[in-house]
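So you can see what is in the structure, the chains are spelled out below.
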Amino acid sequence: MKHYLSGANEVLKAVASSVDGLTAEESQARLEKNGKNKLKEGKKTPIIVRFFKQLADPMIIILIAAALVSLAIAIVDKINTGHGEFADVIIIMVVVLLNAILGVIQESKAEQAIAALQEMTASTCKVIRGGRQITVKSEDVVVGDIIVLEAGDSVPADARIIECASMKVEEAALTGESVPSEKQEESISLGDRKDVPLGDRKNMVYMGSTVVYGRGKAVVVGTGMETEMGKIADVLAQAEDEQTPLQKKLGQLSKILTYAVLGICVFIFGFKLIGADFANNIWETLLDSFIVAVSLAVAAIPEGLATVVTIVLSIGVTNMSKKNAVIRKLTAVETLGCVQIICSDKTGTLTQNKMTVVEHYGENEALLATAMAQCSDAILENGAAIGEPTECALVNYAFKLGIDKTQLSATSPRVGEAPFDSMRKMMSTVHQTDEGIVQYTKGAPDEILKNCTHALVGGSEVVLTDELRASILVENKRMADKALRVLAAAYRKYGEVPTSFEPENLEKNLVFLGLTGMIDPVRPEVLDAIKQCREAGIKPIMITGDHIDTAVAIALELGIITDKSQAITGAMLNDISDEQFEKEIEKYSVYARVQPEHKVRIVTTWKKKGYVTAMTGDGVNDAPSIKSADIGVGMGITGTDVTKNTADMVLADDNFATIVSAVGEGRRIYDNIRKAIQFLLSSNLSEVIGIFVATLMGVTLLEPVHLLWINLITDTFPALALGVEKGEDDIMRRPPRNSKDGIFAGGMAVSVVLQGLFVAILTLLAYFIGHGMEVYYQTGNFVFEIPKGYSPDGITMAFLTMSMAEMFHAFNVRSQRGSIFTMKKQNMVMWGAFGLSLLLTTLVIFVPPLRDAFSFAPIHIEEYFMAMGLALTIIPIVEITKLITRLAAKSKSKKK
């Protein structure tokens, strides 16, 4: 039943109630039958389940498998020789546990959103039961209860109004309207509409809204999950959490690495077994094959990658929080970098959520402001008005002109009034002043003018002629066309206090004073923010529950649209099929008079078309679409707990412009993560190639513990330094990257392979030099004689060269295409990381206890600098490849 279309008596009959309310017995029976007036609580995921979910990543599974194999080898060695090497196991498991713990700390947003919805509902309310008014817990309200509402009350459930006296209800959290809704008890005519939008249901009140003016009574027609807020909670529960683009790409990378590692390990294991002498020592052969396989597994998997990515994101989170963008979901940082659509609520996000007088018409502005302030119930405290938003705007308007409402009330006290009602569309107050009794009346301009006989012109009261009346109406239309809310004021003087304060006695023979035009103004910084969004290839979209005229005016002012045809209402959207809407969605940038399900539909349609979408907002009505969007942005000051707990990012200053800096930070972080990935993978690939080639040649290049040291110590610090690189100058003048692009887009895969190959060649060369490779000329050819077997000297040289080459290579990766010698900004963190890695590597080589722990051989200082020289050559080698790439790109561009 659509209760707003039916009369009050019909609704009372439908819910089996009366104006005297339910009996105590009936209310208890209904409570037991239908349950509490509460929202359903979300199920909590046990911590242990969250922990094991973190371990399900393929790359993590390979690491665990490598740790188990290493543990088995260490145990066998311990049994056979009395010496077991458990360092590999410990290091791998520390990495695995750290990654899992970081994942577990992420909270369940759906549960928090439901809890916040419960907290914001009224805790107690007044109801009539058995003809008596009593106070009950809101959760005990049932369908059929008669609730009593007064200014300041929270509405405990959805209800149909049966009595109303100038009642206004703040419904911004549900409808998005900045102005409180004026209520009525009469039924609503459907007319030629298919349905009445929630914001136009003047005879209904909804759970979670607040009465700001007047009083009334209503019969409850919906409780708990059957309320409009309950529907929002249900949508929240149904919306699924999705992976961000980076999570998806890293997941793909994990699978690729998993298959690659398994394939290489099987190949090498098989290669080692072919031709092996099983008759002499089968166990030694198997053990040797396992060690090589584990070495390759450890070499291929970038153990520090997950940790580096997490830490780089965390650093980004810290930087963003300093700029008032609070990240609730770590991986949401990079999602901002590829956002193409920002769907924003109007009220409180693009605007200030504060009605403000911006224009006036009338010669005596001071008297106009005085009349408006006096004929208002809002009060002034500490320089700010408190009360109904429209009246607050009028009191603040007067205060800005030096007229203090508090002083006015003291010097010109109110002695009578005719309260506002929606039929007259006026309000009148009578005051005792030093000059006698004065009445001020404010209201709708056309209604005020009907009751005026004169107007204040040139300081004198003149007859209100048809010509003067027409000029006033022209000004009224001019303001209304700008989507301003226009109010008129008039006055009347008396020799003594009127004998009756009835409207028909007061509101006649008035003198017209002037007009005020007010609006919820745009945030001054939003205009530039939207301009920057467009430069960055981002489309801003306004979604609001406000009237279309107001939405269009704001959108035109901000540059969101250029024509009214780019705006559409929720009712119009209902008449468009999903297929048609998907085809036409790019035409619209403003959506007015929408309901929560419309917002979700808009967001999901953009996503269906392949766009990465963000949704900003502050009200409860924004929560479902925020959860459905790729990234949800809540408002920290004016936002409800529901929105903040659902959002991926919260703006601490409620500033739309903060999104712009967050987008730039997101793009910078993603660029830096790609640099870190390129560096780590090229380093790991060099290890794989080196181990693979050395194994084919019958030598041991590096042990698993050496590779773990390089991956976790030598490589990790430079990778983290890459994560704090400054953003490039054009970072906010590029279009958003395509979310479908892989991590290796833009030729990064080729760079990884080439750079990995170069480091591997340098490492193998260092090994053979340390191993005593002899080169001599014989019968017209150069002969390379490579000793077989295990060589501590060769391993030491290989370790030092690979470690230093990868550290030098980190400087190369600061720019994928540009020369590092042309970069104007220095990364001091990189220099610090280089120094630290250099120090640790040198200590491992030269400090005897550490050297012995890693089974290194003592080397001479000449060998140390020889290895350094080999490592340093990676910089000119990569510089040459970059130059060739740039020249090729330039040549290709000229041909086009």
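Bear in mind that the values here come from a model prediction, so they are computed numbers and not experimental data.

Digging into the overall build of the protein chain
Item 1. Regarding its fold elements, the protein chain presents 35 helices and 27 strands.
Item 2. Within the protein chain, the fraction of its 896 residues that count as buried is 54%.
Item 3. Across the protein chain, every contact between residues at least 6 apart in sequence was considered, and the portion connecting residues at least 24 apart equals 73%.
Item 4. As displayed, the protein chain has an accessible area near 38600 Å², and 58% of this comes from carbon and sulfur atoms.

What about the confidence of the model for the protein chain?
Detail in the predicted coordinates should be disregarded across regions flagged by low pLDDT.
Item 1. Of the residues in the protein chain, 84% reach a pLDDT of 70 or more, and the chain-wide mean stands at 83.
Item 2. Counting contacts from residues 106-122, a segment whose pLDDT is below 50, to residues more than four positions away or on other chains yields 49 contacts.

Description of the environment of Y397
Item 1. For Y397, the position within the fold is in helix α15 (residues 389-400).
Item 2. Put simply, Y397 and A373 are 24 residues apart on the chain and 8.2 Å apart in space, counted from C-alpha to C-alpha.
Item 3. Look past the residues within four positions of Y397 in its chain and what remains in contact with it is V357, H360, E365, L368, A369 and T516.

With respect to empty space enclosed by the protein
Item 1. Scanning the model with the defined rule gives five cavities of 30 Å³ or more in all.
Item 2. As a volume, the second largest cavity reaches approximately 60 Å³.
Item 3. In terms of lining residues, the second largest cavity is bounded by L174, T175, L198, G199, G545, R593, V594, Q595 and P596.
Item 4. Looking at the lining of the second largest cavity residue by residue, the class counts come to four nonpolar, four polar and one charged.

With respect to the packing of helix α31 (residues 792-812) against helix α32 (residues 828-846)
Item 1. It is at 10 Å that the axes of α31 and α32 come closest, and there the two elements cross at 175°. With respect to α32, the axis of α31 lies roughly antiparallel. Residues T796, F799, L800, S803, M804, M807, F808, A810 and F811 of α31 form the contact with α32, whose own contacting residues are M830, W831, F834, S837, L838, T841, V844 and I845.

Some remarks on the side chain of R160
Item 1. One can find R160 in strand β4 (residues 158-170).
Item 2. Comment: no salt bridge for buried R160; closest opposite-charge side chain is E185, at 7.2 Å.
Item 3. A polar atom in the side chain of R160 sits 3.2 Å from the backbone oxygen of H3.

Brief notes about a nonpolar patch on the surface
Item 1. Residues L68, L71, I75, I79, F86, I90 and V94 make up a contiguous nonpolar surface patch of about 640 Å² in total accessible area.
Item 2. Counting only elements with at least two residues in the nonpolar patch, the list comes to α4 (58-81) and α5 (87-104).
Item 3. Within the secondary structure layout, I75 lies in helix α4.
Item 4. According to the relative accessible area criterion, I75 is partly exposed, its value standing at 40%.

Observations concerning the sheet that holds strand β24 (residues 631-635)
Item 1. With mixed pairing, eight strands are arranged side by side in an open sheet as β8-β25-β24-β23-β9-β20-β22-β21. The open sheet has two edge strands with one neighbour each: β8 (325-327) and β21 (567-569). Along the sheet, successive strands turn relative to each other by an average axial angle of 20°, direction set aside.
Item 2. In this sheet, strand β22 (residues 590-592) lies alongside β21 in parallel orientation, the contact comprising three bridges. Across the sheet, the residue bridging to A567 is V590, located in β22.

A short note on unusual backbone geometry
Item 1. A positive phi is found at N324, a non-glycine position, where the angle reads about 75°.
Item 2. In this fold, N324 is placed in the loop between α11 (305-322) and β8.

Some thoughts on the pattern of salt bridges
Item 1. Summed over all chains, the structure comprises 32 salt bridges.
Item 2. With a shortest N-O distance of 3.6 Å, E182 and R485 are connected by a salt bridge. Placement of the pair is E182 in strand β5 (residues 181-182) and R485 in strand β18 (residues 485-494), with a sequence separation of 303 residues.
Item 3. A residue is classified by how much of its surface remains accessible, and R485, at 26% relative accessible area, is partly exposed.
Item 4. E582 is paired through a salt bridge with K608; the nearest N and O atoms lie 3.5 Å apart. Of this pair, E582 sits in helix α23 (residues 578-584) while K608 sits in helix α24 (residues 596-608), and the two are 26 residues apart along the sequence.
Item 5. When its relative accessible area of 23% is taken as the criterion, E582 is described as partly exposed.
Item 6. Under the relative-accessibility criterion, K608 is labelled exposed at 60%.
Item 7. In the salt-bridge network here, residues are joined through shared partners; they are K2, D195, R201, E228 and K231.

Parameters and conventions
- Residues numbered from 1 in each chain as written.
- Predicted model: local features only at pLDDT ≥ 70, side-chain atom pairs only at ≥ 80, totals over all residues.
- Heavy atoms only, no water.
- Helix = DSSP H or I, 4+ residues; strand = E, 2+ residues; numbered from the N terminus.
- Buried < 20%, exposed > 50% of the residue type's maximum accessible area, 1.4 Å probe, protein only.
- Contact = heavy atoms within 4.5 Å.
- Areas by Shrake-Rupley, 256 points an atom, 1.4 Å probe, with all protein chains shown as cover.
- pLDDT = per-residue confidence, 0-100.
- 1 Å grid on protein atoms, 1.4 Å probe; cavity = no way out; pocket = protein on both sides within 12 Å on 5 of 7 lines; lining within 4 Å.
- Points joined across faces, edges and corners; volume = space filled by probe spheres on them.
- Nonpolar A, V, L, I, M, F, W, Y, C, P; charged D, E, K, R; others polar.
- Axes fitted to C-alpha atoms, helices over the stretch in contact; angles between N-to-C directions.
- Parallel < 35°, antiparallel > 145°, perpendicular 65-115°, else oblique.
- Lys, Arg positive; Asp, Glu negative; His and termini not counted.
- Salt bridge = Lys/Arg side-chain N within 4 Å of Asp/Glu carboxyl O.
- Polar contact = N/O pair within 3.5 Å; in protein donor to acceptor, adjacent residues only side chain to side chain.
- Patch = residues over 30% accessible without salt bridge, like charges linked within 9 Å, V, L, I, M, F, W, Y side chains within 5 Å.
- Pairing = 2+ DSSP bridges.

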